[in-house]
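Inside the fold
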Amino acid sequence: MKYRNLGKSGLRVSEIALGSWLTYGKSVADQTAEECIRTAYDAGINFFDTANVYEKGAAETVLGKVLKDYRRSSLVVASKVYFPMGDGPNDRGLSRKHIIESCDASLKRLDMDYMDLYQCHRYDPSVPMEETLWALDDLQRQGKILYAGVSEWPADKIQEAHQIAKQHNFRPLISNQPIYNMIERYIEVDVLPVSVANGMGQVVFSPLGQGILTGKYKSGQQVPEGSRAANSKLNSTMQKYLENESLLEAVGEIEAIAHELEITMPQMALAWILRQPGVSSAIIGASRPEQIEDNIKSVDIELTDELLLGINQILLKVSSFKPRS
């Protein structure tokens, strides 16, 4: 495994992180989840990402139960706050009340004294940003979290947050967790440059495009039985990809390049992301330990400029792949 600093902070995270969205506490049995987490740790992955909203805390519970067997200082554990955790008017958002109470609840489920990284899962326009940043800074002063970050915040809000933090002498945000892959490239326009300028590393999710970039879904063919796309409880976010024949054809062309290099399509997709210096880590999801063993090999793959240009030309054939302006 290889490691990078999370933004300009001194925190070192594995280039591949293990996430728990749509998997642990939901579609993957606890025993299999444990096998995946242990496989990841044994392979050198030190970065584990979750969120309170993932199955209303069940993912945090599963993760914490396994990770308690390891030396705490060897782990980088991240969770998030924003989405509703109850029906009450204060059970959601980025108010001081919800942030503080949610942090305590997440720590209890994780069975940990502190989280390494605590992230605002989305931007909350209903709460003054000063209030949100103040709460995060207090949690760091109390030692309940070591660092703070955000997820899917627009570039102007990231810039505003850094200006407010500097004005009030709050500890700066060190990370942003956006979707980023060969299909979804909007961060390249302004989020990535603003983040880099402010010392934030990208911890990207969905690096394999909900599985589309694994190569298992072929143009003109039925989706494989047992796959995420065949599961009506998990495939809602995949439909726009599965219905795009041009997209599937483009993936097929890139997979052919991967075969020539004697690497798998997931390895190709992850190596493509890790070529980006503004990215600190790519979060993978895994329902089987073998997927982790395959994915981690991407850290040793270097793609040439000529190869990257060829991949980009393939992607630009599909208008939906172009970076958002």
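This write-up is about the structure you can find in this document. (Residues numbered from 1 in each chain as written. Predicted model: local features only at pLDDT ≥ 70, side-chain atom pairs only at ≥ 80, totals over all residues. Heavy atoms only, no water.)

**What about unusual backbone geometry?**
The criterion, for reference: Helix and strand definitions here come from DSSP, where helices need a minimum of 4 consecutive H or I residues and strands a minimum of 2 consecutive E residues; each element is numbered from the N-terminal end.
At Lys56, a residue that is not glycine, the phi angle is positive and equals roughly 50°. With respect to the helices and strands, the residue Lys56 is situated in the loop between β4 (47-49) and α2 (58-67).

**Here we look at the environment of Glu34**
The condition is simple: Categorising residues by exposure relies on relative accessible area from a 1.4 Å probe, with only protein chains included: less than 20% of the type maximum marks a residue as buried, more than 50% marks it as exposed, and the intermediate range marks it as partly exposed.
Its location among the elements puts Glu34 in helix α1 (residues 30-42). On the basis of relative accessibility, which here comes to 32%, the residue Glu34 falls in the partly exposed class. Through-space distance from the C-alpha of Glu34 to that of Leu63 is 7.9 Å; in sequence the pair is 29 residues apart.

**Observations regarding the pattern of salt bridges**
This is how the line gets drawn: In what follows, salt bridge is the name for a side-chain nitrogen of Lys or Arg lying within 4 Å of a carboxyl oxygen of Asp or Glu.
Under the counting rule described, the total for this entry stands at 17 salt bridges. Two residues, Lys2 and Asp300, come together in a salt bridge whose shortest N-O distance is 3.7 Å. Residue Lys2 is located in the segment before β1 (3-5), and its partner Asp300 is located in the loop between α10 (289-295) and α11 (305-315); the two are separated by 298 residues in the primary sequence. When its relative accessible area of 56% is taken as the criterion, Asp300 is described as exposed. Taking the shortest distance from any N to any O, the salt bridge between Arg141 and Asp137 comes out at 2.7 Å. Of this pair, Arg141 and Asp137 both sit in helix α4 (residues 129-141), four residues apart, which is roughly one turn of that helix. Put simply, Glu34, Arg38 and Asp69 are held in one network by salt bridges that share partners.

**Here we look at α4**
Heads up, the condition is: Take the residue count of a helix, subtract one, and multiply by 1.5 Å to get its expected span. Any two residues having at least one pair of non-hydrogen atoms within 4.5 Å are treated as being in contact.
Helix length check: α4, at 13 residues, gives a terminal C-alpha distance of 18 Å against a target of 18 Å (1.5 Å per residue), a fit within 8%. Buried residues of α4: Met129, Thr132, Leu133, Ala135, Leu136, Asp137, Asp138, Leu139 and Gln140, and no others. Turning to α4, the residues buried within the fold contact α3 (96-110), β6 (115-120), β7 (145-150) and α5 (155-168). Taken from the residues just after α4, Gly143 is the one with a positive phi, measuring 80°.

**Digging into the pairing of β7**
Operational definition: Strands are labelled as partners when DSSP assigns at least two bridges between them. Orient the strands so they point away from the viewer, and a crossover whose first-strand-to-second-strand path over the helix runs clockwise is right-handed.
Two strands pair when backbone bridges link them, and β6 and β7 are joined in this way by five bridges, in the parallel orientation. Residue Cys120 lies in a different strand from β7, and its bridge partner there is Val150. Taking the sense of rotation as the criterion, the β-α-β connection linking β6, α4 and β7 turns out right-handed. In the sheet, β7 pairs with strand β8 (residues 175-176) via two bridges, with the strands oriented parallel. The residue of β8 that forms the bridge with Gly149 is Ser175. A crossover connection joins β7 to the parallel β8 through α5; in handedness this β-α-β unit is right-handed.

**With respect to the packing of α4 against α5**
We count it as follows: Orientation is described by axes fitted as lines to C-alpha atoms, over the contacting stretch for helices, and by angles from 0 to 180 degrees between their N-to-C directions. Crossings are classed by handedness, with left-handed meaning an anticlockwise turn of the near helix from the far one by less than a right angle and right-handed meaning a clockwise turn.
Between α4 and α5, the shortest axis-to-axis distance is 10 Å and the interhelical angle comes to 65°. Here α4 runs over α5; the crossing is right-handed. Between α4 and α5, the contacting residues are Met129, Glu130 and Leu133 on the first element and Lys157, Glu160, Ala161, Ile164, Ala165 and His168 on the second.

**Examining the environment of Gly211**
Assignment of secondary structure puts Gly211 in the loop between β9 (201-204) and α7 (239-242). Accessibility expressed as a relative area gives 16% for Gly211, which makes it buried. With 55 residues separating them along the chain, Gly211 and Pro266 place their C-alpha atoms 8.7 Å apart. For Gly211, the residues in contact, after removing those within four places along its chain, are Lys216 and Tyr217.

**With respect to the pairing of strand β5 (residues 76-81)**
Look at any regular strand and the pattern is simple: side chains alternate between the two faces of the sheet. For β5, the tally of buried residues reaches six of six residues, placing the bulk of the element in the interior. Covered by surrounding structure in β5 are Val76, Ala78 and Lys80 together with Val77, Ser79 and Val81, the residues of both alternating faces. Summarising the sheet, β4 and β5 pair through three bridges and their orientation is parallel. By the bridge assignment, Asp49 is partnered in β5 with Ala78. The parallel pair β4 and β5, bridged by α2, forms a crossover whose chirality is right-handed.

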